[in-house]
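What the coordinates show
Below, each chain spelled out in residue letters.
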Amino acid sequence: MKDRLICGTAFHAPQRGAVEALEEVLIAIDASGSISEIVRKDQVGFDEMKAEARRDGRLMQLADNQFLLPGFVDLHIHAPQWPQLGKALDVPLEVWLQKYTFPLEARYADVDFAREVYGELVDELLANGTTTAVYFATIHMEASLALAEICLEKGQRAFVGKVAMDDQDQCPVGYRDRDAETAVAEMREFIRRVRALSTGADPLVQPIITPRFIPSCTDTLLKALGEVAAETGCLVQTHCSESDWERDFVKARCGKTDTEVLADFGLLRHSTILAHSNFVTDDDLTLIRHADAAVAHCPLSNVYFAGAVFPLRAALDRNIHVGIGSDVSGGHSPSILDGCRHALSAARTREGGVDPSLAAADRGVANSAISVAEAFWLATAGGGEALGSPVGKFVPGYKFDALLIDLDVPASNVRRWPALDSLEDVFQKIVLNATRSNIVRTWVNGELVTSTQA
Ligand code: GUN
Ligand code: FE
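Anyway, here's the lowdown on the structure attached to this text. Please read these numbers as outputs of a predicted model, since none were measured by experiment.

When helices and strands are tallied, the chain shows 15 helices and 17 strands. Computed over C-alpha atoms, the radius of gyration of the chain comes to 22 Å, within 12% of the 22 Å expected from 2.2 N^0.38 for 454 residues, which places it in the range of a compact globule. The C-alpha extent of the chain, read off along each of the three principal axes, is 65 × 60 × 40 Å. Expressed as a percentage of the 454 residues in the chain, the buried residues total 57%. Relative to all contacts within the chain whose residues are 6 or more apart in sequence, the contacts with residues 24 or more apart total 73%. As displayed, the chain offers around 17600 Å² of accessible surface, 49% of which is attributable to carbon and sulfur atoms.

Approximately 180 Å³ is the volume attributed to the largest pocket. What lines the largest pocket is a set of 13 residues, among which Phe159, Pro203, Gln206, Ser389 and Pro390 lie closest to the centre. By residue number, the principal contributor to the lining of the largest pocket is strand E8 (residues 157-161), which donates 3 residues. Looking at the lining of the largest pocket, its residues break down into 7 nonpolar, 3 polar and 3 charged. As a volume, the second largest pocket reaches approximately 150 Å³. Forming the walls of the second largest pocket are 14 residues, and the residues nearest its centre are Thr9, Asp64, Phe67, Arg416 and Leu423. Secondary-structure elements contributing two or more residues to the lining of the second largest pocket are strand E1 (4-15), strand E2 (18-29), strand E5 (66-70) and helix H15 (423-433).

Along helix H2 (residues 93-106), the largest kink reaches about 35° and is centred on tyrosine 100; proline proline 103 follows within four residues of it. Here H2 has its buried residues at Leu93, Trp96, Leu97, Thr101, Phe102, Leu104 and Glu105. Buried positions along H2 lie against strand E6 (72-78), helix H7 (244-254) and helix H10 (299-305).

The next point concerns the site of ligand 1. All residues adjacent to ligand 1 are His78, Gln81, Leu93, Trp96, Leu97, Arg212, Phe213, His239, Glu242, His276, Phe305 and Asp327. Interatomic distance of 3.5 Å between a side-chain N/O atom of histidine 78 and an oxygen atom of ligand 1. The separation between a nitrogen atom of ligand 1 and a polar side-chain atom of glutamate 242 is 2.7 Å. With the chains in place, 100% of the 280 Å² that ligand 1 exposes on its own is no longer accessible. With respect to the detected pockets, ligand 1 is housed in the largest cavity. Taken together, the residues of the shell around ligand 1 break down into 5 nonpolar, 4 polar and 3 charged.

The subject of this paragraph is the environment of glutamine 206. Turning to its location among the elements, glutamine 206 is positioned in strand E10 (residues 205-211). Taking the C-alpha atoms as reference, glutamine 206 lies 9.5 Å from valine 134; in sequence the two are 72 residues apart. Each residue touching glutamine 206, except ones within four places of it in the same chain, is listed here: Ala158, Phe159, Val160 and Val194.

Taken together, the protein donors to the iron ion (ligand 2) comprise His76 (NE2), His78 (NE2), His239 (NE2) and Asp327 (OD), at separations of 2.1 to 2.2 Å. Angles of 88 to 173° at the metal separate the 4 donor atoms of the iron ion (ligand 2), which places the site in the irregular class. Sequence spacing among the residues donating to the iron ion (ligand 2) works out to H-x1-H-x160-H-x87-D. With histidine 76 in strand E6 and histidine 239 in strand E11 (residues 235-240), this pair connects stretches of sequence that are 163 residues apart. Here histidine 76 matches histidine 239 in class, with each residue buried.

This paragraph deals with empty space enclosed by the protein. For the structure on display, the rule yields 2 cavities of 30 Å³ or more. What lines the largest cavity is a set of 13 residues, and nearest its centre among them are Leu93, Trp96, Leu97, His239 and Glu242. Class assignment of the residues belonging to the lining of the largest cavity gives a composition of 5 nonpolar, 5 polar and 3 charged. As a volume, the second largest cavity reaches approximately 50 Å³. For the second largest cavity, the full set of lining residues is Pro299, Leu300, Gly325, Ser326, Ser333, Ser335, Asp338, Gly339 and His342. Looking at the lining of the second largest cavity, the elements with two or more residues in it are H10 and helix H12 (336-352). Among the elements that make up the lining of the second largest cavity, the one with the highest residue count is H12 (3 residues). Along the lines of polarity and charge, the residues of the lining of the second largest cavity split into 2 nonpolar, 6 polar and 1 charged.

Reading the values: the criteria
- Residues numbered from 1 in each chain as written.
- Chains lettered and ligands numbered in written order.
- Predicted model: local features only at pLDDT ≥ 70, side-chain atom pairs only at ≥ 80, totals over all residues.
- Heavy atoms only, no water.
- Helix = DSSP H or I, 4+ residues; strand = E, 2+ residues; numbered from the N terminus.
- Rg over C-alpha atoms; globule rule 2.2 N^0.38 Å.
- Buried < 20%, exposed > 50% of the residue type's maximum accessible area, 1.4 Å probe, protein only.
- Contact = heavy atoms within 4.5 Å.
- Areas by Shrake-Rupley, 256 points an atom, 1.4 Å probe, with all protein chains shown as cover.
- 1 Å grid on protein atoms, 1.4 Å probe; cavity = no way out; pocket = protein on both sides within 12 Å on 5 of 7 lines; lining within 4 Å.
- Points joined across faces, edges and corners; volume = space filled by probe spheres on them.
- Nonpolar A, V, L, I, M, F, W, Y, C, P; charged D, E, K, R; others polar.
- Bend = angle between axes of the 7 residues up to and from the residue.
- Near = heavy atom within 4 Å.
- Polar contact = N/O pair within 3.5 Å; in protein donor to acceptor, adjacent residues only side chain to side chain.
- Sits in = over half its atoms within 2 Å of the grid points.
- Donors = N, O, S within 2.8 Å, 3.2 Å for Na, K, Ca; no water.
- Tetrahedral: all angles 85-135°; square planar, octahedral: opposite > 155°, others 65-115°.

Given below as structure tokens:
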């Protein structure tokens with residue numbers, strides 16, 4: 001089978017901070033869903049290649065106000081919290097978990113309920129441009145497997161985690177693993193069953209080892225899950241140093257920071273995804289860097305639960321892997337474009353400061369801001385690098401996970417002024433103002449998974 005071609009203008013940020021506009025290029029997609037070639041219009045062979053593909057019916061030509069973007073990576077999202085999106089954000093994290101979230105998650109003992117919620121969630125995320133999602137599910141085997149199956153059915157790239165939580169003091173009777181031994185045995189079974197859903201070298205859906213966070217897990221469980229990670233090579237995700245309460249709880253129980261405890265138990269590994277990490281120390285950042293682990297920055301959720309702004313610039317300057325997490329439903333938006341905007345606002349607010357009664361020089365943390373290009377990189381290539389997945393940019397060998405942005409849809413908030421806007425300006429306008437209505441097609445692994453156009 002000959003490769004399919006898309007011809008049009010694409011934006012991507014292959015390196016942090018640098019946006020590249022690929023103007024009227026040909027992107028060739030092979031049968032495995034990977035990009036085989038990018039041909040620029042001044043390259044020899046461009047016209048012949050395009051004409052041949054058009055003749056064979058293998059060419060898709062984008063219109064004037066249409067642009068390709070890499071699909072978004074959501075590095076941290078709680079699938080079962082979808083019905084709670086946009087509510088219940090009136091209390092601190094430790095109350096929110098016990099009052100709202102654990103009771104909601106307990107309902108996923110009912111697989112039919114899980115299927116209903118997860119089917120809708122995956123559709124909504126794809127329509128919002130999330131082509132890779134790193135999910136927390138619940139403690140339930142069948143419901144968590146259902147999420148993996150639904151991602152496969154609907155064609156979303158995903159890491160799916162059955163949540164482990166066994167601490168009898170921190171987890172309610174109706175929503176915890178029976179004991180550490182059961183939790184570990186079930187984690188192994190879950191890994192085996194998710195891996196059995198796909199064949200081939202690069203499965204679309206993979207399991208991820210998911211201790212909820214240190215306060216809800218016993219040391220016995222954490223240690224055993226570290227061993228499972230080493231044995232299976234599965235990635236790991238957890239919450240890390242999210243709030244004052246959480247950081248202090250771990251310090252009081254373990255005498256160490258979250259990062260140090262995770263490292264001790266073998267859970268701080270290559271591509272371990274640490275959600276939040278707002279209160280990490282300098283030494284923690286060194287540990288994270290050396291382990292080649294990553295941070296899922298969740299700026300919207302942090303407004304409600306963290307009480308502080310993640311030192312994003314410091315983490316990036318130390319070459320730590322970082323991507324964006326929606327943290328649904330601690331974050332009340334499923335959109336990773338919103339995540340970019342919140343990351344920009346949070347970083348700028350950190351730089352400017354918050355208390356106008358202080359002198360400008362004393363108000364914020366210097367050199368904290370990030371650029372639009374950096375925010376977009378976090379949401380795409382940065383997330384891909386964090387996971388070690390070949391997604392998030394348009395280069396040969398990478399997966400064709402992509403979005404078609406159309407500025408001419410009736411509901412568009414993005415207006416292009418051809419006499420005033422460079423291509424770079426159009427890119428910034430998309431990142432700052434495009435909505436779901438502008439995302440008219442979503443592809444994952446070369447497959448069209450949503451379309452609002454005929
Ligand atoms: N820490 C432990 N569980 C959770 C959760 O569900 N959401 C957030 N934001 N933090 C957590
Ligand atoms: Fe979370």
